[in-house]
Amino acid sequence: MASTPGTPPPLSAKRPEFRNIHALSDLPNYRLPAAGIVSILHRISGVLMFLLMPFVIWLFDVSVTSEISYESFRSAYLAGLGFLPAWFVKLVTLALIWGYLHHFTAGVRHLWMDATHSVSKAQGKQSAVATLVISLVLTAVLGAKLFGLY
């Protein structure tokens, strides 16, 4: 029996089901749009930069204190640092480079959207994809330099 306009639906009608998203079972199958991926990665890169701040301060301090400390700085990238191998130090540095480049690029994207009021769905997707591509390409270029490919 169908309901007429202005009357409530019959009690037997199927109501929409709303449920919470469970991280382990639902998130692997959830398709996030490009803008959502950029947003989450923007937060992750900010946390990464915050957590690696002591490493960055150490890098800067060691690199500018003296010629001897600069050589110890270089040796961390050539022979490792204590029990950490050199490739791990380079990998942490590459993660920091990616974090900075992604955070910077996504920040410029947000400033551009705020300044131009460009908030359509199509422009949001295009700028999100551009943000991902630019940050990954710049990271690959600097990573190749870090690992001595050129």
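Coordinates for the structure precede this section.
In this text the structure is predicted, and so the values were computed from the model without any measurement. (Residues numbered from 1 in each chain as written. Predicted model: local features only at pLDDT ≥ 70, side-chain atom pairs only at ≥ 80, totals over all residues. Heavy atoms only, no water.)

Engineer: Help me out: how do you make sense of the packing of aromatic side chains in this one?
Structural biologist: Here a ring pair, both rings aromatic, is described through the centre-centre distance and the interplanar angle of the planes. This model, assessed by the stated rule, comprises five aromatic pairs. Considering the side-chain rings of Phe-55 and Trp-58, the 5.9 Å spacing of their centres and the 25 degrees angle between planes classify their relative orientation as stacked. Remark: Trp-58 and Phe-55 occur in helix α2 (residues 53-65); sequence separation between them is three residues, near one turn of the helix. What makes Phe-55 buried here is its relative accessible area of 16%. The rings of Tyr-70, Phe-73 and Tyr-77 are connected pair by pair, giving a single aromatic cluster. (Phe/Tyr/Trp six-rings, centres within 6.5 Å; stacked < 30°, edge-to-face > 60°. Helix = DSSP H or I, 4+ residues; strand = E, 2+ residues; numbered from the N terminus. Buried < 20%, exposed > 50% of the residue type's maximum accessible area, 1.4 Å probe, protein only.)

Engineer: It is not clear to me how the packing of helix α1 (residues 34-51) against helix α5 (residues 121-146) should be interpreted in this structure. Could you clarify?
Structural biologist: Each pair of packed helices can be summarised by the angle the axes make with each other and by the distance between the axes. Orientation of α1 relative to α5, taken along the N-to-C sense of each, is 45 degrees, at an axis distance of 8 Å. Taken together, the axis directions place α1 and α5 in an arrangement best described as oblique. Helix-helix and strand crossings are classified by hand; for α1 and α5 the assignment is left-handed. Contact residues: α1 offers Ala-34, Ala-35, Ile-37, Val-38 and Leu-41, while α5 offers Gly-124, Lys-125, Ala-128, Val-129, Thr-131 and Leu-132. For the contact of α1 with α5, the per-class residue count stands at eight nonpolar, two polar and one charged. (Axes fitted to C-alpha atoms, helices over the stretch in contact; angles between N-to-C directions. Parallel < 35°, antiparallel > 145°, perpendicular 65-115°, else oblique. Left-handed = near helix turned anticlockwise from the far one by under 90°. Contact = heavy atoms within 4.5 Å. Nonpolar A, V, L, I, M, F, W, Y, C, P; charged D, E, K, R; others polar.)

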